[in-house]
Amino acid sequence: MNVIICKNYEEMSQKAADIVVQQVTQKINSVLGLATGSTPLGLYQKLVKAYHDKDISFKDVTTYNLDEYMGLDVSHPQSYHQFMYKHLFSQIDIDLSNTHLPKNDHHHMQECAKAYHKLLSKTAIDLQILGIGSNGHIGFNEPGTPFGNEVFIVELDEQTRNDNKRFFNHIDEVPTHAITMGIKNIMRSKHILLLASGIEKSESIYHMIKGPVTENLPASILQLHPNVTVIIDEKAASKYLENA
Ligand code: GLP
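Residues numbered from 1 in each chain as written. Predicted model: local features only at pLDDT ≥ 70, side-chain atom pairs only at ≥ 80, totals over all residues. Heavy atoms only, no water.

J.: Please provide a residue-by-residue account of the overall build of the protein chain, values included.
T.: The number of helices and strands found in the protein chain is 8 helices and 10 strands. Taking the principal axes of the C-alpha coordinates as reference, the protein chain spans close to 45 × 45 × 35 Å. Out of the 244 residues in the protein chain, the part that is buried amounts to 53%. Carbon together with sulfur atoms contributes 50% to the accessible area of the protein chain, which is approximately 11,100 Å² in total. (Helix = DSSP H or I, 4+ residues; strand = E, 2+ residues; numbered from the N terminus. Buried < 20%, exposed > 50% of the residue type's maximum accessible area, 1.4 Å probe, protein only. Areas by Shrake-Rupley, 256 points an atom, 1.4 Å probe, with all protein chains shown as cover.)

So this is what it looks like as structure tokens:
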């Protein structure tokens, strides 16, 4: 793991954007794996700026998102479909037909998982962006998820629903299930870029880098991937630095 520690969120986002710009400059038809959550927002703003500055074009880029809430209409403001459209896709020159998120019809959950798995098995992700949950989840692979999982339907941890309730009016509105790429899908990416900021991520970051590789801390599997870049701010790095 290549661990890069930055002063703050701004620097973390800029360094991450530089890596994405470099990837797409080197290969204009790159396949990007995308994440949601507050962490990559700064990165997406920087990419929009890089597009306006003509430093990058997404014309030939294809994207696959990690996950989506189950049963939330795709027009719901907190759906990841809306998140991606609002914060990135609507502001750059990407062809929307080249952007992919898992479908999330809760009447046909297993069909949705199968269809996304099929789609992913036909491609190879060049660069996968990841955030991390305070419980060490990546995508929506919660603690205890088998490392061998491919796209699947997950029941969300109470901690994850609590962490994400800030985006909703009430905890009861936070979906109980999600569809997510499995660890196996994520590990197939050629390069993984994991971002984290803030003290609330310091524990999971420490265990991800220094702890045993265990399904109880899903992100620890990244220790076994040959090409992982971790970009974190000083707060997220604090526990790792104390114990380095
Ligand atoms: C969410 C997403 C993850 C994200 C994580 C952290 O539940 N499924 O992809 O990395 O939680 O979110 P945030 O960046 O808002 O802290």
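There is more to say after this.
J.: Describe the site of the ligand, with residues and values.
T.: The ligand sits among 14 residues. The nearest are S38, T39, D67, R166 and K201. At a separation of 2.4 Å, an oxygen atom of the ligand approaches a polar side-chain atom of T39. A distance of 2.6 Å separates an oxygen atom of the ligand from a polar atom in the side chain of K201. About the coverage of the ligand: the protein hides 94% of its 390 Å² of free accessible area. (Near = heavy atom within 4 Å. Polar contact = N/O pair within 3.5 Å; in protein donor to acceptor, adjacent residues only side chain to side chain.)

J.: Run through the sheet that holds strand 5 (residues 99-100), naming residues and quoting values.
T.: The 7 strands are arranged 1-10-9-6-2-3-5 in an open sheet whose pairing can be described as parallel. In this open sheet, the two strands that pair with only one neighbour each are strand 1 (2-6) and strand 5. With 5 bridges connecting them, strand 9 (residues 191-196) and strand 10 (residues 228-233) associate as parallel partners. Bridging across to strand 10, L193 finds its partner in T229. Across the sheet, helix 8 (residues 234-242) touches strand 1, strand 9 and strand 10, and the angle it forms with strand 10 is around 110°. (Pairing = 2+ DSSP bridges. Contact = heavy atoms within 4.5 Å. Axes fitted to C-alpha atoms, helices over the stretch in contact; angles between N-to-C directions.)

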